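What the coordinates show
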Amino acid sequence: METERFDSGSLTATEEFLSRAYTPMRIGGRPHDTRTRIVRTAAEGLIVDRLAFGYTMSYDAEPLGRVCLITVHSGSMVDTTDGRDDVYGPGESFLIALPDRPYTGALHSARYTITMFDPSVLDQAATVGARTPAGPVRFTGHRALDADANRRFGSTVAFLRDQVLTAPAADPLVVATATQHLAAVALTAFPSTAQQEGHHRIDGKDGNADTLRRAKAFIEENAHRAVGLSEIAAAAFVTPRAVQYAFSRHAGMSPLAYLRRVRLTRAHDDLRTADPATSSVTRIAARWGFAHVGRFAAAYRGLYGVTPGATLRARG
């Protein structure tokens, strides 16, 4: 994980930094207060930036090549891309542009968070739903579907920024899992082709015990990696939907719930053998993809009847 900081009162330096960090960009306006502060955190294909501009600035930028979602904390931003005139204020999130489209707009003494990731992450997240899109997933709107969706996305961004990416060396599995979760939440919060897709393939015949056996074997061998439903389905030689049917019919849970159970079991094994003087519940939880220690502890206690801390201390 890498962290980069920028703090300058020079518009020329700011334009150079923005053009290097995002895409070739031209800044318009001649503000009096030219102070700009940016903190960038990049890890495993995910970029989260915190930006603060103390002035009004217009911008004209080339395509980013990445999904770019913005959450405004103070001030306001105006999106004028493709003739729009959409204003976003504190607490609102929006898609600034499609990955292959240029974008224009302005900000007014704004403080905001940018989250960016590769568009392929959307395709991976979309396979978890009941509808599997026939082609690449694309957003079809820029505003959240409703107030609840907007709050849900904003909370996810805050957790990712303030919890997952705060450690000096965030675990790659935790970051990858959190990125997939962010993409999944974005797909439920903003209009997209994943929601509009009317045709979906449901292969009930392949949702059998053999599929379950192959999928379980793959999960158990790869629980230490950031695996998703599409990868599990490929290893079982069936569609993602068939894997979901197999687990529902023969295991009474979803594939990702089984993955979570396996990771809890592996964490339990590590807690039983770890030295409490040199290890910790937080470190072991992160090793197995659990970014939130409190939620990990609750799930662990629900499965084993004791806290993870008690298991770790028992060895000592």
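About the criteria used
- Residues numbered from 1 in each chain as written.
- Predicted model: local features only at pLDDT ≥ 70, side-chain atom pairs only at ≥ 80, totals over all residues.
- Heavy atoms only, no water.
- Helix = DSSP H or I, 4+ residues; strand = E, 2+ residues; numbered from the N terminus.
- Rg over C-alpha atoms; globule rule 2.2 N^0.38 Å.
- Buried < 20%, exposed > 50% of the residue type's maximum accessible area, 1.4 Å probe, protein only.
- Contact = heavy atoms within 4.5 Å.
- Phe/Tyr/Trp six-rings, centres within 6.5 Å; stacked < 30°, edge-to-face > 60°.
- Pairing = 2+ DSSP bridges.
- pLDDT = per-residue confidence, 0-100.
- Salt bridge = Lys/Arg side-chain N within 4 Å of Asp/Glu carboxyl O.
- Polar contact = N/O pair within 3.5 Å; in protein donor to acceptor, adjacent residues only side chain to side chain.
- Expected span 1.5 Å × (residues − 1).
- Axes fitted to C-alpha atoms, helices over the stretch in contact; angles between N-to-C directions.
- Parallel < 35°, antiparallel > 145°, perpendicular 65-115°, else oblique.
- Nonpolar A, V, L, I, M, F, W, Y, C, P; charged D, E, K, R; others polar.

**Some words on the overall build of the protein chain**
Counting secondary structure elements, the protein chain contains 12 helices and nine strands. The globule rule puts the C-alpha radius of gyration for 316 residues at 20 Å, and the 22 Å found for the protein chain is close to it. Dimensions of the protein chain, computed from C-alpha atoms along their principal axes, come out at roughly 65 × 55 × 30 Å. Classification of the 316 residues of the protein chain by burial places 46% in the buried group. Considering only contacts in the protein chain between residues 6 or more positions apart, those separated by 24 or more positions represent 73%.

**Quick word on the packing of aromatic side chains**
One pass over the structure, following the stated rule, counts 11 aromatic pairs. Here the aromatic rings of Phe53 and Tyr112 are separated by 6.2 Å at their centres, their planes lie at 10°, and the arrangement is stacked. Linking Phe53 in strand S4 (residues 46-53) with Tyr112 in strand S9 (residues 103-117), this pair joins segments that are 59 residues apart in sequence. Residue Phe53 is classed as buried on the basis of its relative accessible area of 4%. With a centroid separation of 5.3 Å and an interplanar angle of 85°, the aromatic rings of Phe153 and Phe190 are classed as edge-to-face. Of this pair, Phe153 sits in helix H3 (residues 147-164) while Phe190 sits in the loop between helix H4 (172-189) and helix H5 (193-196), and the two are 37 residues apart along the sequence. Its relative accessible area of 0% is what places Phe153 among the buried residues.

**As for the pairing of strand S2 (residues 25-28)**
Put simply, side chains in a regular strand alternate between the two faces of the sheet. Residues Met25 and Ile27 point to one face of S2 and are all buried, whereas Arg26 and Gly28, pointing to the other face, are not buried. Where S2 lies against strand S5 (residues 56-61), four bridges are found, and the strand directions are antiparallel. Across the sheet, the residue bridging to Arg26 is Asp60, located in S5.

**Some thoughts on the environment of Lys216**
Relative to the assigned elements, Lys216 resides in helix H6 (residues 209-222). Placed 46 residues apart in sequence, Lys216 and Val262 show a C-alpha to C-alpha distance of 9.5 Å. Among residues more than four places away in sequence, those in contact with Lys216 are Phe247 and Tyr258.

**Quick look at the confidence of the model for the protein chain**
Summarising the model, the protein chain shows a mean pLDDT of 87, and 91% of its residues fall at 70 or more. Model confidence for the protein chain, summarised as mean pLDDT per element, is weakest for H5 at 70 and strongest for strand S6 (residues 67-79) at 95.

**Quick word on the pattern of salt bridges**
Summed over all chains, the structure comprises 14 salt bridges. In this structure, Asp100 engages Arg138 in a salt bridge whose closest nitrogen and oxygen atoms are separated by 3.5 Å. Within this pair, whereas Asp100 is found in the loop between strand S8 (93-97) and S9, its partner Arg138 is found in the loop between helix H2 (120-126) and H3, the two being separated by 38 residues in sequence. Among the residues examined, Arg138 registers a relative accessible area of 36% and is labelled partly exposed. If you follow the salt bridges from partner to partner, you end up with Asp7, Arg35 and Arg37 in one network.

**Some thoughts on the side chain of Thr34**
With respect to the helices and strands, the residue Thr34 is situated in the loop between S2 and strand S3 (36-43). Polar contacts involving the side chain of Thr34 include one to the main-chain carbonyl oxygen of Gly9, which spans 2.3 Å.

**Brief notes about H3**
Taking 1.5 Å per residue as the helical rise, H3 with its 18 residues ought to reach 26 Å, and the 25 Å between its terminal C-alpha atoms agrees with that figure. Buried residues along H3 sit in contact with S4, S6, S8, S9 and H4. At the N-terminal boundary of H3, the capping side chain belongs to Asp146, with an oxygen 3.2 Å from the backbone nitrogen of Asp148.

**Digging into unusual backbone geometry**
Positive phi outside glycine occurs at Ser109, with the angle close to 45°. The topology assignment puts Ser109 in strand S9. You can call Ser109 partly exposed: its relative accessible area is 40%. The backbone of Phe237 shows a phi angle near 65°, a positive value even though the residue is not glycine. One can find Phe237 in the loop between helix H7 (229-236) and helix H8 (240-250).

**What about the packing of H6 against H8?**
Packing of H6 against H8 brings their axes to within 9 Å, and their N-to-C directions diverge by 100°. Here H8 runs roughly perpendicular to H6, going by the angle between their axes. The residues of H8 that touch H6, namely those facing Ala209, Thr211, Leu212, Ala215, Lys216 and Ile219, are Ala242, Val243, Ala246, Phe247 and His250. Here the residues of the contact of H6 with H8 are counted per class, giving eight nonpolar, two polar and one charged.

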